[in-house]
Structure formats: C-alpha cells, structure tokens
Amino acid sequence: MHANTQIPKVIGYKRIAELSQDDNVWNHAPEWDHAARFFWNTVVNHRSVCIGGNSVREHFHPSDNFTSMLNDVQGPETCNTYNMLRLTKMLYQNSHNPNQTNEPDPNYVNYYERALYNHILASQEPDKGGFVYFTPMRPGHYRVYSQPETSMWCCVGSGLENHTKYGEFIYAYRKDTLYVNLFIPSQLTWKEQGIILTQETRFPDDGKVTLRIDEAPKKKRTLMIRIPEWANQSKGYSISINGKRKMFVMAKGNQYLPLSRKWKKGDVITFHLPMKVSVEQIPDKKDYYAFLYGPIVLAASTGTEHLDGLYADDSRGGHIAHGKQIPLQEVPMLIGNPDSICKSLQKEQNSRITFSYNGEVYPAQGKALELVPFFRLHNSRYAVYFRQASEEQFKAIQEEMKKEGVEHEWISFAHVPKEIILKHFPHIYERCLEEGYDLLKEPAPIVPAQHYFMGGVHVDRDSMTTMPNLYAAGETSCNGVHGKNRLASNSLLESLVFAKRAAIKIQNEEKGNKDHEFESNYHAACC
C-alpha cells in the first residue's frame, strides 16, 4: 500500500470531521475522527521507526516485519513525515489526555517532537541546502541531497515548507491558557491576550529553558509547561520563578505543569529538562537497537567512501542512494544485553551532544564509536540501528570460529539440489560468485550477522503443504520476500485461483473423489 497516498486521505477524514460536527442534517464527525485517530495510532505505534518516519520504497511494509527497512536503501520518505505532522497537529487540537481532561493528549506532542528533530531537521543538508527524499535505515548507507538545477521531487516541494514550520507547534492555547509544547528559541506575540513571551534555550545541547514575560495583562493567566515523558523521572519537579525555586508535584499521567498567577513584565521562569540515554528496539523486535538521548536519535558515521550520487542528478532515480551497499556484517555489532549496551554509551564533556561507545563491538574498531545527533550527521554513511548480540551468543560463534582456526564460519549448500539454489536463491548465488565462491561446488564464508527468513512454504500443485489439511495460497506459499500481507494485484489473483483449487480438492477428498472431478472443475473455472 503506497504510504503517502493514504496519509493525505486521512488528513481529509479529519477535515470532514471538523466541518461536519455542527451539521444537523449529516453529522458523522465521530466516525471520521475515529478513523483518523485509528490510522495515526497504527502508523506511529506499529509502522514507524525511531526517527518518526515510515515506509520502504514509498510503501508500508508488514507491521511485524521490518526486514526491508533494515535491508533496503529506500527508507522512510520525507513527504510521509511532512503529512504525518500535519495530521498530528490537527488531531492534537481537539484531543484530551485520558488522565487529565485539562490537558491535550501528550502522545501527539511526543511524536511531533520525535519526528521534527530526527527526520525533518535531518532532511536538509546544512551547507548547500539540498533536501532528502529517502532516509535509509540500512546500517552503513547514506542519503542523497537535491540540487536546484536537477531536482524537483515531491520531497523538495514539501521540504521547502518543512523548514519554515519549526515555529508553528511550539505554543498552543485553549481559551486564556497558554501551552508550551516544544523547546525551541522563539518569541510569541499573543495579541488577543496582550502577552509577549520569549523562550531562550540551547536544547537539546543544554536542558536549561528560560521563559521571559515581556508583556502581560493585569489578569491571572495560566502557563502549561510540558514536562515530556523522557524528562518526567520523578513525582516532583523544580522550577524557578524570578530566582525563587519551587517544587511542584506532578500528578500521575500528567505531562503539563500548570503555573497560574498574575504575570507581569520582566517575570522569568527557568527550568531544566533532565535527559538520559535510552535504547529503543526496532518495532518487530529483531535484535537491532537505536540510541536516544532524551528525544534525540543518535547515529555513528561509518565512513565517507563510495557516496555515489550524493548530490542528485536529473535522472529518474537520482533521489536514490545507488552507491555500494556495505555488507551488514561489516557494520559494528554491539556485544552485550540491551542494559549493558545502554550503560556503555558515555557523554563527552562538549558544548554539543557527543557520545563515545566504550563497550565491545564486532568487528573490532580502532577507536571508540562516536555518536552524535542524527540531524547533525551529513555527507557520510551512518548507522542509526545497530545489531545486538548477547555475550553468550557471540561467545558460541567465536568458539566455533576458533576451533576451525578461521575468522569466519562456513555454510554449505551441498545438501540443497542445484535447481533449488538457482531458482530460489539466484541473487545470493550471483553475489557469492562475485566474491569467488561457487555455492554449487564449495561452502561460503559467513560471519555473525542478522539472518532473515526469505524462503517459502513447500506446497503441491493444489496448494497443500506437507502438513495434512494445511493449505497455503498466494505469495506466502512461494516466496516470503515481499511479506506475508503484500497486496499486489497478481498476488490477489494467485490467491483466488489457488484457494479455489484447494477448496475443490478438500471437497472432493471428503467425497472420496480424488482427481477426475477436480480436474474438470478446475478447467471449467479457469480456462
């Protein structure tokens, strides 16, 4: 399913809900609103990666299989996130925190912040200003940037808007209450309430935030300051108002801290957002993890070699990073459990966010891995997701390699018929030949790396598997590469044809009529 065809449709669902809510003749606003929120929840919580982006080759992949996200060079499309942020803003505006009806739903702000800093901000090259179409999540790959003379993609059009919109979600209001959602240097002029407020911060490099009242009415007003879930580490929270510290108790489930008083010109509110390192597993629970510092995704540079087409030409595929794909086993794998990996990342004493990874990695590196915010890493190959293996898993592999006296293990296809290798694994066979190994004649070397299921389920001509009474129809029965819920038209047709053959066979077997009736029925139906 083409992802960015669907997202604008759902923006339309929400718009219909807004326009029809006061219609006395045709009012289906709740249904349209529910559809929009259901879609948002499905995409954000089940189909998005750590940067807030979604899709591979512009399409949604199976929600329980992110293999293509890690393998493909055509990762999340920037336009998708542009539209997801539009939808998020619309849903936020009439949302409610289920734990506190006086607050908007914090899930919308949490996603907006995550996607804004880690996908949108990362999608423009800082030197020449080019925009990114695909942001590969494949470890060791790179992005391509547009050029004014060669590139006018959809992600250039939305990209021109993206980087003018950083200010539009920092603040919000409901009646006479002002909400501070994001921590970005800015000045707000709220003419209707006679308020001018200035926000000063170096976030995310520094967690200190200062709000200064430059103009205020002579009435009591409420500031609702967001305390994000990544910073909400205790029930108490300290804020200074005009230099006087005060502890506030955060109610369970609340993510906004209310400050109500008669504000006056010159009032200063200061608070700190405590950030910590966390690891986040890829959604399908494979052994791949990303590092975050607060809401900021960290990444490591993996080299600047073979960045073919770094600045796009005017070809049909100029927006795709067609350069050499570094084998995944050559990208550093982290050894240890998720907790120990998290503790191995140490913050450097710099004015800008920099971390060193001091844990064990494979292959061994000459120096500690350096991780920085992904939005600052450009013109380079990178790794956002890292393969993880426990010490026990890695030790077993090492012992086997030591016993053999090699730096790798061998895989043999001697028991696999030649026709199966050539028919089912042609790309693997060709790739091994390029490296000097003929799978038809000899084993091939392998090293620790993630293994993905790529085979199919054996069936006979009537779609019956080797298990009695179990049938498989469609691409599931022949090739798992595209995912079990691929909805290509040929897959649907194939499923219908083979499902009917299977049904006829089951019916005939129940009647004790094995083959003749089946053959005549099949030809009558399909030929």
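Keep in mind the model is a prediction, meaning the values are calculated, not measured.

### Details of the overall build of the protein
Along the protein, the regular secondary structure elements total 12 helices and 22 strands. The burial tally for the protein puts 49% of its 527 residues in the buried class. For the protein, the exposed surface amounts to about 27,100 Å²; the carbon and sulfur share of it is 52%.

### Description of the pairing of strand S2 (residues 177-180)
Of the two faces of S2, both are covered, the one formed by Thr177 and Tyr179 as well as the one formed by Leu178 and Val180. Inspection of the sheet shows strand S1 (residues 171-174) paired to S2 by 4 bridges, in the antiparallel sense. Across the sheet, alanine 172 pairs through a bridge with tyrosine 179, a residue of S2. Direction of pairing for S2 relative to strand S6 (residues 220-226): parallel, over a ladder of 4 bridges. The residue bridging leucine 178 from the neighbouring strand is leucine 223, located in S6.

### With respect to unusual backbone geometry
Backbone torsion omega between phenylalanine 203 and proline 204 reads 10°, so that peptide bond is classified as cis. By secondary structure assignment, the location of proline 204 is in the loop between strand S4 (195-201) and strand S5 (208-215). Here the amide bond leading from tyrosine 362 into proline 363 is cis, since omega sits at -5°, within 30 degrees of zero. Note that proline 363 resides in the loop between strand S17 (361-362) and strand S18 (369-373). We note that arginine 57 has phi near 50°; this positive angle belongs to a residue other than glycine. If you trace the backbone, arginine 57 turns up in the loop between helix H2 (29-46) and helix H3 (67-71). Take arginine 57: its relative accessible area is 45%, and that puts it in the partly exposed class.

### Notes on the packing of aromatic side chains
Per the counting criterion, the structure on display carries 21 aromatic pairs. Taken together, the ring pairs in this structure connect Tyr117, Phe183, Phe203, Trp230, Phe271 and Phe375 into an aromatic cluster. Above the ring of tyrosine 311, the side-chain terminus of lysine 128 is found at 4.3 Å from the ring centroid. One Lys or Arg, arginine 261, reaches over the ring of tryptophan 263 and ends 5.2 Å from the middle of that ring.

### A few points about the nonpolar core
With 104 residues, the main nonpolar core has Ile239, Ile269, Phe271, Phe291, Leu371, Val384 and Tyr385 as its most contacted residues. Broken down by element, this core gets its largest block of residues, 8 residues, from helix H5 (residues 106-120). Val132, Phe134, Val144 and Ile320 belong to the second-largest nonpolar core, a separate cluster that totals 17 residues.

### A few points about the confidence of the model for the protein
Detailed conclusions should not be drawn from predicted coordinates in areas where pLDDT is low. Averaged over every residue, the pLDDT of the protein is 86; the share at 70 or more is 86%. In the predicted structure, residues 514-527 sits below a pLDDT of 50 and forms 15 contacts with residues beyond four places in sequence or in another chain.

### Some details on the side chain of serine 240
Considering the arrangement of structural elements, one finds serine 240 in strand S7 (residues 236-241). Assessed through its relative accessible area of 17%, serine 240 is described here as buried.

### A word on a nonpolar patch on the surface
On the surface, Ile16, Val25 and Trp26 cluster together to form a nonpolar patch covering roughly 320 Å² of accessible area. Relative to the elements of secondary structure, valine 25 occurs in the loop between helix H1 (3-20) and H2.

### Some thoughts on the pattern of salt bridges
What the rule picks out here adds up to 15 salt bridges. A salt bridge links aspartate 267 to lysine 264, with the shortest nitrogen-to-oxygen separation between them at 3.1 Å. Classification of aspartate 267 as buried rests on a relative accessible area of 1%. The class of lysine 264 is partly exposed, set by a relative accessible area of 49%. Lysine 286 is the partner of aspartate 284 in a salt bridge, and the nearest nitrogen-oxygen pair spans 2.3 Å. Lysine 286 carries the same exposure label as aspartate 284, and that label is buried. Via salt bridges that share partners, Lys14, Asp33 and Arg37 belong to a single interconnected network.

### Focus: the side chain of asparagine 118
Examined against the element boundaries, asparagine 118 turns out to sit in helix H5. Look at asparagine 118 and you get buried, because its relative accessible area is 0%. A distance of 2.8 Å separates the side chain of asparagine 118 from the backbone oxygen of arginine 114, its partner in a polar contact. Within polar-contact distance, the side chain of asparagine 118 engages the backbone nitrogen of valine 297 at 2.8 Å. In this structure asparagine 118 touches Ile51, Pro295, Ile296, Val297 and Phe374, once residues within four positions along its chain are discounted.

Criteria and cut-off values
- Residues numbered from 1 in each chain as written.
- Predicted model: local features only at pLDDT ≥ 70, side-chain atom pairs only at ≥ 80, totals over all residues.
- Heavy atoms only, no water.
- Helix = DSSP H or I, 4+ residues; strand = E, 2+ residues; numbered from the N terminus.
- Buried < 20%, exposed > 50% of the residue type's maximum accessible area, 1.4 Å probe, protein only.
- Areas by Shrake-Rupley, 256 points an atom, 1.4 Å probe, with all protein chains shown as cover.
- Pairing = 2+ DSSP bridges.
- Phe/Tyr/Trp six-rings, centres within 6.5 Å; stacked < 30°, edge-to-face > 60°.
- Lys NZ or Arg CZ within 6 Å of the ring centre and 35° of its normal.
- Core = buried A, V, L, I, M, F, W, Y, C linked by side-chain atoms within 4.5 Å.
- pLDDT = per-residue confidence, 0-100.
- Contact = heavy atoms within 4.5 Å.
- Patch = residues over 30% accessible without salt bridge, like charges linked within 9 Å, V, L, I, M, F, W, Y side chains within 5 Å.
- Salt bridge = Lys/Arg side-chain N within 4 Å of Asp/Glu carboxyl O.
- Polar contact = N/O pair within 3.5 Å; in protein donor to acceptor, adjacent residues only side chain to side chain.

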